[in-house]
Amino acid sequence: MSMQCSKLCSLIIGETFGMPVQSVVDVLLQKGPSPLRHVLTSMMKSMPIEAIHGALKTLIQHFVVNFHVNSTTGETIYSVNHEKTIEIMRYPRYYAHAEQMVGPVGREVLEEIVQSGLVSISKLIYICGSRVMKSNPDVTEAVLFEQLNLFQTTAMRLAAKKYIVIVPPPSPDNENNEADPGAHKDSHKLPAVDLKVLLGKLLKTNETKLESLPDANILWGIYIQQFHAELRNSMVYQALERKFKSMIDPRVIQVVIEVGLERHQWEDEGAPVSMHEIKDRIEKMPDGLATSKHISEHLEIVEDDPMRILSRLSNQLGGHFAFNMKTAVSELLWNIIDKIITEKHGFHALRIFRLVKASGFVEQDTINEIGMVPGKEAKHLTYKLVDDHFINIKEVKKTYTTNAPPGKTCTVFYVDSSQIVRSLQEYCYKAAYNLKLKSKIEQAKIKRLSVKEERITRILVNMTNKNCAEDQLNEIRELLTPPERGLLLRYQFSSGKLLSGTIQVDETLFVTELYLKYHGKNFPKKK
Amino acid sequence: MTDATTISPKEVGHGEVAGGSSIAPDAGMSPFEQRIIQLAKEFPKGIPGKILQNDMPTTVSADERAIVINKLLAQGILDIYKQGNELLYKLKGGKSSEPDQIKDADNEEKVVFDIIKEASNMGIWIRDIRLASNLTLSQLNKIVKSLETKKLIKAVKSVAASKKKVYMLYGLDPHRSLTGGAWYSDQDFESEFVTILNQQCFKYLSDKRQQAQANVDDVGPKAKMAIALTTLDDLWKYICNLGISKVELTPEDITSILNTLIFDGKVEKIRKGDLEYYLAAEPMLETTGLIQVPCGVCPVIKDCSERGLVNPGSCLYMNNWLSSEF
Ligand code: SF4
C-alpha cells in the first residue's frame, strides 16, 4: 500500500477508535506486518501493555488488523488491513442506504452492530434496549418489550436483506478471514432470541452477563459485500438513467440488472433474463403498461448503444438479455475520469485524452490533426495529461520509415488504465486525508471553546432539571458571547462540509475499487 | 455523395490525395488542357487566341478558358507571345514536361529538379534531397536557391511542422496534408472555424435529441430515436446550407468534426446494420465526488503536504471553499 493510503488509514483509525489505538496502528503501518514484541517495544514507553493489548483486540474485532502465525518462527504476525480501514470512511453511506431500505430503526441497529464489530443478536437487542432506558429512564416494561420486539424484527429484516451476516470470529488462519461469510446458506438466518429473558436482564440494571444466552457464540457483523453490490447497482442505474434520459424507460435496465444478478451478484455478466419476465415485471410497476407495449424497442435501443452493456443471447420467446456489469462499471469509471480531466484541464484536454485512449499508441502530430486542437495548445495539454498520469509516454524506434536515419526514435502516447486507476486512488486518498486533517486542525482551533460550550450545556441541563428561573438560565447562556457563538456555528458548518466532502471523495474511490474488483486479476501488480 | 465513412484515428494523415491536383504533364490533364496542347502542336509557331477561342466548345466560358491557359502558363507548358495586336500561345521547348530553363541548367540542377519532381505535390525535405542526390549541403543550397530564382521550384511550409520546408515544382498545388485542407489558411490552423463547426454540428444533433425527448406521443422509443438519429449526409447538407464556411466542405470534413465531438464525449455513433447514425450523447454523470472538493481539482496537490509551505491548514482553496455558502 502507498504511503498516502497508510496516512489516511492512520487518521481514520484515530477518528474512529481514538488516539491510543491510532498510535498502535501507526507502528504497524510504519513497520509493516510485525510480531507483537515489535509493537510492544515501540509503544511500551508511552502506553501500558494492557492498553496495547486492548487496542489490538479492538482492531482485530473490527477486522482492521489481521493476524497470522508465521510458520517458521511460530510468532503471531499482525498487519493492518488497509481495505477494511478505508471502508470505515464509507459507513455513513451504508447507514443511509440501510435507512432508505429498512427505515431509521434499521440504521440505528446497523450502527450498533458496526460499533461493536461483532456481536450476538441477543447482545445487540440488549444494547439497543439499554439505550432506550438511558434516554428514557421512565419507560414502562410494556413499552420496553415492544421496543425490543422492534429491534428484533428490524434485525431480522436487516438479515433478510443480507445487510448483516454471521461472521466467524477472526482467526490466525488468513484464508478464513478472506472467505465470504455470506456464502453459507444459513449465514443470514437469525437465531431464536427469548425477549422475555432479555427484558428481565435489562430491568435488573446490574445484570450485564450475557454469555449464558444460547446465541452468545453466534456473532454477527455488517455484510459489506451486499452494500457494495446495492450501491454499485444504484450508481450504475442512475448513470444509465441519465444516459438514456427520456428516450427509454430506464426501469427496463433495472429489471435486467436485478433479476440477472440476483443469484451471483459479482459475475461479470448477469444471467440471461427473458423478455417475457422483463415485460411481466414492468407491467406490475406504475405506468408499466405503456412501457411493456414497446418492450422490445426499449431493449433494442439499449442493445444498440455503443457501450454494449446489454447483449441478446437468443431470439427465442422474444429474446434473452444479459447485462454486462463489468462493462458498465468500466464506463462509469471512464466517465468519472472524463469529468476530472475536463474540470482540471478543460474540454480540449478531454478530447486529447479520449483520442489517445481510442488510438492505442499515437504520436503528437496525429493528436493535433485528429483532435483539431492548435498545435501548441495540444502539446501543452498532452504534457499536462502526462504530468497528471492520465496518459503515458513512450519512446519507440522509428524502424518503419525507410529513409529515417538509424536509431531515430519518436514519442508516442498511450493510456494505461491500471496506472490511471492507481493514480486516481492516490488522489482520492490524498484529498480525503487533507479533508480529515483540515477537520482535525479546525477542531483543535475551537477546542477551548467547545469545552466551554459543553460545560455550559451541562450546567443548563442541570438547571432546567432543577426548574431554575428563565433569567438565571439566560445568564448562563450569555456566558457564551455572540462572537463565540458565531465561531462555533462556523465550525459546525465547516466540519459538516468537510465530512460530506470526504463522503463525496469516497464515492469516486468506491468506483475505482469496483473497477479493480472486475479487472484486478488482469492487472499487473504495482512495482 | 460519397460513402459516409468515418476516419478512424489511425487512418487519418495517411489518406489519399484530396483537393490538391498533382499534374504530371501528359497525364491527368483535363480534356481542355489536352486539346490546347494538341492545338499548340498543330501550330508550332503559336496558336492565335482567336483559333483557340473558336476551337473550344461553346459551353466553355471565356473565364474557364482563361483559367486553363493560365494554369498551363504557370506550369511552364505554354508560353505567350505578342504578334502585332494578337496573342500567340506556343508550346515551350518541344517537350511540354520540361521547362526551358531546366534544359539550359547544369547536370546537378537537373538531378535535383528530377528528385523534386518525383516528390510531386507532397514535396520533399532538403535532407532527403541531399540523401538522394549525394550532394553536399552547401552545393545543394546553392542549386535549390537557383531553381527557386528561376521559378522552377518553390518551398512550401508544412502545417504539421511549421519549421519544416518542403520543395516541389513551382506550378503544383501542395497536398492537403501540407496545407491542412479546409482547416488551414496560410498554414495557420483556423481554430475558431473548427470550434464554430463543432458547436454547430453539436447544436443540430442536440436540438434533434431534445425534440425527440420532448415528444410525448405514445409512439414508442424507436420512433423517438428516429427523430434523434442523424446521418452524415443530413448533417453535411445542414452545415453547407448554413453558409458559415468560405471553403467548400466535404462530407469527410464533417466526419472529422464529428470525430472531435465523439472524442469530446458529446456525440455517439450508432451502427444499425451497415448504416451509421450520429446521436447527441447525454453524459452518464453530472459530476463526480472527487471534483466537488478543492483537493480534487487542485493544481498544486503534488506540492501539498502536512508540514510544507502548501498545506491543508493554511490552504486558501480550502478556506474559500469552507466559507462559501456559509
Ligand atoms: S489542501 Fe489546498 S493546496 Fe492542498 S491539495 Fe487541497 S486544495 Fe490543494
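Where an unreviewed UniProt entry is consulted, chain B appears under the name DNA-directed RNA polymerase III subunit RPC6, with the organism given as Folsomia candida. Per its UniProt entry, chain B bears the Sequence similarities (unreviewed entry) comment "Belongs to the eukaryotic RPC34/RPC39 RNA polymerase subunit family." Turning to chain B, the UniProt record has this under Subcellular location (unreviewed entry): "Nucleus".

Under the annotation held in an unreviewed UniProt entry, chain A carries the name DNA-directed RNA polymerase III subunit RPC3 and is attributed to Folsomia candida. Note on chain A: under the UniProt heading Function (unreviewed entry), the record states "DNA-dependent RNA polymerase catalyzes the transcription of DNA into RNA using the four ribonucleoside triphosphates as substrates. Specific core component of RNA polymerase III which synthesizes small RNAs, such as 5S rRNA and tRNAs."

Time to look at the pattern of salt bridges. Within the structure shown, the criterion is met by 32 salt bridges over all chains. Residue A:R351 is joined to B:D264 by a salt bridge in which the shortest nitrogen-to-oxygen separation is 2.7 Å. Here the residue A:R351 occupies a position in helix 18 (residues 347-359), and B:D264 occupies one in the loop between helix 12 (251-263) and strand 9 (267-272), the pair thus bridging two chains. Classification of A:R351 as buried rests on a relative accessible area of 2%. One salt-bridge network, in which partners are shared between bridges, spans A:E300, A:D304, B:K222 and B:K272.

A separate point is the domain arrangement of chain A. Partitioning chain A into domains gives domain 1 (3-80), domain 2 (87-222), domain 3 (227-323), domain 4 (344-415) and domain 5 (424-522). One C-alpha centre belongs to domain 1 of chain A, the other to domain 4 of chain A, and the line joining them spans 46 Å.

It is worth spelling out the environment of B:D233 at this point. Residues and elements named next belong to chain B. Tracing the sequence through the fold places D233 in helix 11 (residues 232-242). Accessibility expressed as a relative area gives 22% for D233, which makes it partly exposed. In this structure the C-alpha to C-alpha distance between D233 and I196, which are 37 residues apart in sequence, comes to 19 Å.

Moving on to the interface of chain A and chain B. Contact residues are listed per partner, giving 69 residues for chain A and 66 residues for chain B. Roughly 6,200 Å² is buried in total at the junction of chain A and chain B, and carbon and sulfur atoms are behind 63% of that figure. Contact with chain B buries area across many residues of chain A, yet A:R242, A:M247 and A:M372 alone supply 13% of it, more than any other trio. At the surface where chain A touches chain B, the tally comes to 8 salt bridges. Where chain A touches chain B, the interface holds 24 residue pairs in polar contact (both at pLDDT 80 or more). Residue assignment for the side of chain A that touches chain B shows that the elements contributing at least two residues are helix 12 (224-243), helix 16 (295-304), helix 17 (325-345), helix 18, helix 19 (364-371), helix 21 (417-445) and helix 24 (482-519) of chain A. Grouping the amino acids of the side of chain A that touches chain B by side-chain chemistry returns 32 nonpolar, 13 polar and 24 charged.

Turning to the sheet that holds strand 2 (residues 65-69) of chain A, a few remarks are in order. Residue and element names in this part refer to chain A. In spatial order, the strands read 1-3-2; together these 3 strands make up an open sheet with antiparallel pairing. The open sheet has two free edges, formed respectively by strand 1 (34-35) and strand 2, since each of these has just one partner strand. Where strand 1 lies against strand 3 (residues 76-80), 2 bridges are found, and the strand directions are antiparallel. Within the sheet, the bridge partner assigned to S34 lies in strand 3 and is Y78. Running over the sheet, helix 2 (residues 19-31) touches strand 1, strand 2 and strand 3 and is turned about 95° from strand 3. Here helix 4 (residues 49-61) sits on the sheet and contacts strand 2 and strand 3; the angle it forms with strand 2, its principal contact strand, is near 100°.

About the cut-offs
- Residues numbered from 1 in each chain as written.
- Chains lettered and ligands numbered in written order.
- Predicted model: local features only at pLDDT ≥ 70, side-chain atom pairs only at ≥ 80, totals over all residues.
- Heavy atoms only, no water.
- UniProt positions renumbered as here; feature names shortened; annotations may be inferred.
- Salt bridge = Lys/Arg side-chain N within 4 Å of Asp/Glu carboxyl O.
- Helix = DSSP H or I, 4+ residues; strand = E, 2+ residues; numbered from the N terminus.
- Buried < 20%, exposed > 50% of the residue type's maximum accessible area, 1.4 Å probe, protein only.
- Domains from an automatic or database assignment.
- Contact = heavy atoms within 4.5 Å.
- Buried area = accessible area lost by both parts, 1.4 Å probe.
- Polar contact = N/O pair within 3.5 Å; in protein donor to acceptor, adjacent residues only side chain to side chain.
- Nonpolar A, V, L, I, M, F, W, Y, C, P; charged D, E, K, R; others polar.
- Pairing = 2+ DSSP bridges.
- Axes fitted to C-alpha atoms, helices over the stretch in contact; angles between N-to-C directions.

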